[in-house]
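Topology and contacts: notes
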Amino acid sequence: VVDQLAEKYPTTYGKIIPGLFVFSRGGINSQGGPCGAWLSGAALLHQMGAPSAMQNAFLRWFENASMPSNGAYQDYRAGDWTPPGGWGGSGMPIPLNNAPRVKAKTTSCHGGRTKWQVAASGWLAAYGTSAIADRCSKVSYDCVVKLVQMINQWKSGVAVTDPGDAVVSGCKTSGCHGSYPIGGVTGTPTCLPCHSSVAGVTPGHGM
Amino acid sequence: MLHESLTRRQFIGGTAAVAGAAAMPTLASLAPAVAAPDPALPVFPRDAGTPNWTPLDERRARRYCVEMYRDRHNTTVGGGG
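None of these values were measured; they are calculated from a predicted model.

**Here's the deal with unusual backbone geometry**
All names here are of chain A.
- In this structure, P68 follows M67 across a cis peptide bond, with omega equal to 5°.
- Relative to the helices and strands, P68 resides in the loop between β1 (66–67) and α4 (71–78).
- Here S30, not a glycine, exhibits a phi torsion of approximately 60°, which is positive.
- Notably, K105 is not glycine yet its phi reads approximately 55°, a positive angle.
- Secondary-structure assignment places K105 in the loop between β2 (102–103) and α5 (109–119).
- The exposure class assigned to K105 is partly exposed, which follows from its relative accessible area of 22%.

Structure (structure tokens):
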């Protein structure tokens, strides 16, 4: 995306630094923090001057989207995509077809990936641990698709609103997390994974 | 770690000296100036519109993204992030 911006708008967006968020891979240098797939996209939106609502909408989408989509496999099947080194063997791993889809309900690499691994245990048993990289590369794919769509909509004049989360909003205004703990809670992330009773990102965790 | 190189007294003393020097006009003027923001760094106005926007190519972006993730390109310009 940054490359395309540099090509199309060299004197403005072309000044955005490529690779500035490479460190976010694997949740900040593989530490499992914020997933780099959305974090780097959000950083780009911020650098471009995108409305806060748009950045929030991107984050909310990541939390609630069922990923990975099967888009990468369908792209491969289309037959008009030849990556450097070709497909298979020592080249580009062929995307798996119909990998399990899971809503991360978190913005963290650790939480989202672990939740997917738990849900996809049968898939992993069949395809091996390389299926994890397959999943994460597809999540990046999905995030770029969403990012490009949002940028194009924004720049073509389509208003982007923050959809919010009704459950979270209720918790913030019900007198619960609006005032407890003292000062109330910050932000509006999903209730997971802190509250495993809601649905349970990782059973046994949370309150 | 603080205790590995400086005692607490040395640290506080040093901090006070720096603060004191900053408060003295003559010394402060000799201190190196704080670098101004690099004008080359991207700073775009909030909510900036772009007339005659040329849409980004979604297909190209998504494929390149996966290739970066799978290290088919130089990972210094991409990756999961």
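Moving on, there is more to tell.
**Some details on the nonpolar core**
- With 35 residues, the main nonpolar core has V1, L5, M48 and I151 of chain A as its most contacted residues.
- Of all elements in the fold, only α2 (36–48), α3 (52–64) and α7 (130–155) of chain A together with α4 (58–69) of chain B reach the threshold of two or more residues within this core.
- Not counting chain neighbours up to four residues away, the residues in contact with V1 of chain A comprise L44, V144, L147, V148 and I151 of chain A together with L56 and A61 of chain B.
- If you look at the next biggest cluster of nonpolar residues, it comprises 11 residues, including A120, L124 and C136 of chain A together with Y69 of chain B.

Analysis parameters
- Residues numbered from 1 in each chain as written.
- Chains lettered and ligands numbered in written order.
- Predicted model: local features only at pLDDT ≥ 70, side-chain atom pairs only at ≥ 80, totals over all residues.
- Heavy atoms only, no water.
- Helix = DSSP H or I, 4+ residues; strand = E, 2+ residues; numbered from the N terminus.
- Buried < 20%, exposed > 50% of the residue type's maximum accessible area, 1.4 Å probe, protein only.
- Core = buried A, V, L, I, M, F, W, Y, C linked by side-chain atoms within 4.5 Å.
- Contact = heavy atoms within 4.5 Å.

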